[in-house]
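# Residue-level structural notes
Letter by letter, the chains look like this.
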Amino acid sequence: MRNLLPALLLLVTLTSRAQLTVEKIMKDQKWIGSSPSGLNWAMDSKSVLFNWNPERNVSDSVYAYTVQTKSITKANYNQALQTAATGNGSYNTARTQLAYAYRNDIFLLDIKTNKTTRITQTEDIENNARFAARDQWIVFNRNQNLYAWDLQTGVTRQLTNFARSTEPVATAGARTGATGNRTATAAAGSRSEGATPTVSQEQWLKENQLTTSDVLKQRQLKRAQRDSFLKSMKIADTVKAIAIGDRLVQGAQVSPNGRFVTYRLTQSASNAKTIIVPDYVTESGYTTDIPGRTKVGAPTGRSEFFVFDREQDSVLAVATDSLPGIMDVPDYMKDYPQKFAGRKPTPRAVVVTGINWNESGSRAIVDIRSQDNKDRWIMELDPARGKLKAVDRQRDEAWIGGPGVSGFAAKIGWINDNECYFQSEATGYSHLYSYNFVTALKKQLTTGNYEVQDLVLSKARSHFYLLSNEEHPGKQHWYRIKTDGSGKEKITTMTGGYEVSMSPDETYIAYRYSYINRPPELYIQENAAGKKAIQVTDKGQSEEFKAYPWRDTKIFTITARDGQPIHARVFEPPAGKKNNAAVIFVHGAGYLQNVEYWWSSSYPREYMFNNLLADKGYTVIDIDYRGSAGYGRNWRTGIYRYMGGKDLDDEVDAARYLVKEMGIDSNRIGMYGGSYGGFMGLMAMFTQPGVFKAAAALRPVTDWAHYNHGYTSNILNEPFNDSIAYARSSPINFAAGLKDHLLICHGMVDVNVNFQDAVRLNQRLIELGKENWELAVYPLEDHAFVEPSSWTDEYKRILKLFETTLR
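Residues numbered from 1 in each chain as written. Predicted model: local features only at pLDDT ≥ 70, side-chain atom pairs only at ≥ 80, totals over all residues. Heavy atoms only, no water.

## Here's the deal with the side chain of Arg668
Spelled out, the test is: Secondary structure elements are taken from DSSP: a helix is a run of H or I of four residues or more, a strand is a run of E of two residues or more, and numbering for both begins at the N terminus. When accessible area is computed with a 1.4 Å probe and restricted to protein chains, residues below 20% of their type maximum are described as buried, those above 50% as exposed, and intermediate ones as partly exposed. When charges are counted, Lys and Arg are positive and Asp and Glu negative, with His and the chain ends excluded. Whenever Lys or Arg places a side-chain nitrogen within 4 Å of a carboxyl oxygen from Asp or Glu, that contact is recorded as a salt bridge. Polar contact is the term for a pair of N or O atoms within 3.5 Å; when the atoms are in protein, one must be able to donate a hydrogen and the other to accept it, and sequence-neighboring residues count only if both atoms are side-chain atoms. Residue contacts are defined here by distance: any two heavy atoms, one from each residue, within 4.5 Å place the two residues in contact.
Relative to the helices and strands, Arg668 is located in the loop between helix H10 (646–662) and strand E42 (669–674). Within the buried set, Arg668 has no salt-bridge partner at all; the shortest N-O distance to an opposite charge, 4.0 Å, is to Asp665. Of the polar contacts made by the side chain of Arg668, one reaches the backbone oxygen of Leu806; its length is 2.6 Å. Sequence-distant contacts of Arg668, defined by excluding residues within four places in its chain, comprise Asn579, Asn580, Ala581, Ala582, Leu806 and Arg807.

## Here's the deal with the packing of helix H8 (residues 604–615) against helix H15 (residues 788–805)
The following threshold applies: Each axis is a line fitted through C-alpha atoms, and for a helix only the stretch in contact is used; angles between axes span 0 to 180 degrees, taken between their N-to-C directions. Crossing handedness is read from the near helix: turned anticlockwise from the far helix by less than a right angle, it gives a left-handed crossing, and turned clockwise, a right-handed one. Under the scheme applied, nonpolar residues are Ala, Val, Leu, Ile, Met, Phe, Trp, Tyr, Cys and Pro; charged residues are Asp, Glu, Lys and Arg; polar residues are all the others, including Gly.
H15 packs onto H8 with a crossing angle of 35° between their chain directions and a minimal axis gap of 12 Å. You can see that H8 and H15 cross each other, and the crossing is right-handed. Two secondary-structure elements touch here, H8 through Arg605, Glu606, Phe609, Leu612 and Leu613 and H15 through Trp791, Tyr795, Ile798, Leu799 and Phe802. Counted by class, the contact of H8 with H15 contains 8 nonpolar, no polar and 2 charged residues.

## Some remarks on helix H3 (residues 77–86)
Of the residues making up H3, those classed as buried are Ala80, Thr83, Ala85 and Thr86. Packed against the buried residues of H3 are strand E1 (37–41), strand E2 (47–52), strand E3 (61–66) and strand E6 (97–102). With a side-chain oxygen positioned 2.9 Å from the backbone nitrogen of Asn78, the residue opening H3 is Asn76.

## Here we look at the packing of H10 against helix H11 (residues 676–687)
Threshold: For classification purposes, angles smaller than 35 degrees are called roughly parallel, those larger than 145 roughly antiparallel, those between 65 and 115 roughly perpendicular, and all remaining angles oblique.
H11 packs onto H10 with a crossing angle of 75° between their chain directions and a minimal axis gap of 10 Å. Between H10 and H11, the interaxial angle falls into the category roughly perpendicular. Two secondary-structure elements touch here, H10 through Asp647, Leu648 and Glu651 and H11 through Tyr676, Phe679, Met680, Met683, Ala684 and Thr687. Of the residues that constitute the contact of H10 with H11, the class distribution is 6 nonpolar, 1 polar and 2 charged.

## Looking at the sheet that holds strand E39 (residues 565–571)
Backbone hydrogen bonds are what pair the strands of a sheet, in a parallel or an antiparallel way. Quick reminder of the rule: A pair of strands counts as paired when DSSP detects no fewer than two bridges linking them.
On the basis of which strands lie adjacent, the open sheet formed by 8 strands has the order E38-E39-E41-E40-E42-E43-E44-E45 and mixed pairing. The strands lining the two open edges of the sheet, one partner per strand, are strand E38 (554–559) and strand E45 (773–778). Across the sheet, the mean angle separating the axes of adjacent strands is 20° when strand polarity is ignored. Pairing between strand E40 (residues 582–586) and E42: 5 bridges, direction parallel. By the bridge assignment for E42, Val586 is matched with Gly673.

Spelled out as structure tokens, the structure:
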């Protein structure tokens, strides 16, 4: 009897683990618990509001945690909306007032008295409120125009009058009157779309009608005389029209002194063809069409940047054809000597993504990106002359990216009137830099083989608060550092991941903290080193969820064939259950990381499914292959011009590690993943026969020439310019290599990776006479599945695939 005790204990353990099923994992995710989200501090810094659902209602409610009383109460819905709105507001210089938009109107909050003044109450959408004219105005957007409300007089004045007109607009470098009287050139993205008759049919009919009726001519003359008289009688301060043609006004902003208005005019590509996604299962019973995106390489819009000088009543188009390196061509063109040889270099198209004024309005910097995303320029703007002067140029032969660097989310601003800050991957990792306009010196403020992943400048402009992965690529911490780069202090202490929200007075931080096997909870902590964190919520895990011993996965590195460390984590089976088969999970892309010490918010179901597989005896491994986030520029761009190259090599090296170091049978390794992970599954099955016995490719890209422009052109350039990159990166070209077992699952109303991808591959596999594959379709699902029934069906199929081919 005594000898049976260990066996009985093992049986109890295995029975407990066996309670995990696909149906349980994939049901409504409220069963896991309720993690707080959407943190917003009240402006008095006394409470923090957050979304939460501890009672498992249909949807979340808003709760408030009061710092002083340490109590949680359910918040009023309108109060919650207003608090969220103030969180996106703009302070005056003294930080005693806050202007913000709420329910499409503009409000002013006095911080000391907590008194709110309503500035507008209209049916129009008004937003983007901020202070200007030495804090005498609150400027806001309405119908693409800027308006200013005077704090002293209460008068609202219109600052711009953008007019949709056929009048031509200013040419780059030319000064015009506000109405504009010169033609835009190629710098504004002009294009030819075929010859147009000088007189249209409608215009000819109108002119002909006037020749046949004296009454009509007399009426037209009277109208013209009346319009001329009214125009001459307009008061002097009437805002003159700025003709924009059929272009869209974006990013309109007034300088702190109120003199200059900067804006971007964007001309959309009218000849860009878009896809249509058929929706077969509808309430009406009829098939409907869902309008979709363009495909990579489609014509893109062109934009131009302008300065409206209100004092001179003139408009300047800012010329960008003299930017440093604007004529440079990418290195990949060397692979096509016949196509590009002898081509005369021309200025590349660019986009001014934003302008930042210093507090006094004496200086401005603009962030400019080339449309091929291989260059970023930070330039000083002389608004009176429309001239640019170089501050920093970032060049990447792959593509510009990284935390705090990418696109409109870039971290850039002013430390003081003569010193700006920004992030750059110049060292191979995204770090913080400053530039002094008096000394013309650039200084690196953070250093090391890690990334600055978030950044906030203190209200006193004496310190930065940083979120970085300095200690380990999969661990985050919150730091404080002086603006000269000295005196760094670590504020958080727990191992894991943080989503930090700092109180307006900077005294406290609220954060969602999570660990590998523990979903996020809300914590409050004084915003200083050595302070203890207080856990506010405890409903992230339900009793049902806590009843299962979720794995605290081991994180380690595998040495790739080129000597680089691949970060990985492993789900190991219980003692005595190992079946010598293995499964590799492949995370999606877009710039993701999944080997981390925090809860996988992108893949909670997959994390749980990996636990289920391990319970059944499989060894499950998950790696951050080339292209993953968190490891710096070289890792991020390791897939440039060849998706399914080094990234797939990393997966193959992981499979070899499983065999060599963990005793896995080389003939019993499977793979699954969605989106980019699904693409990787296809490339593995088509180009690496024998390495993987089976793969489940979920919502996979099968041909990159059919994916979107923004993501794909960064990595593979454009199909008509870099056909080599597309040919070697698209699975459909290698479908003949399929030898082992393949499952493809795809939602039919996927507007991201279109169902067309799966259909085209389906046809190709039929033509090739392949037999050991199947396609499962989900008529009501988009890219990210919603219905538990769809999740359950999909993952039961994946489990069946592995159980029948790997065991």
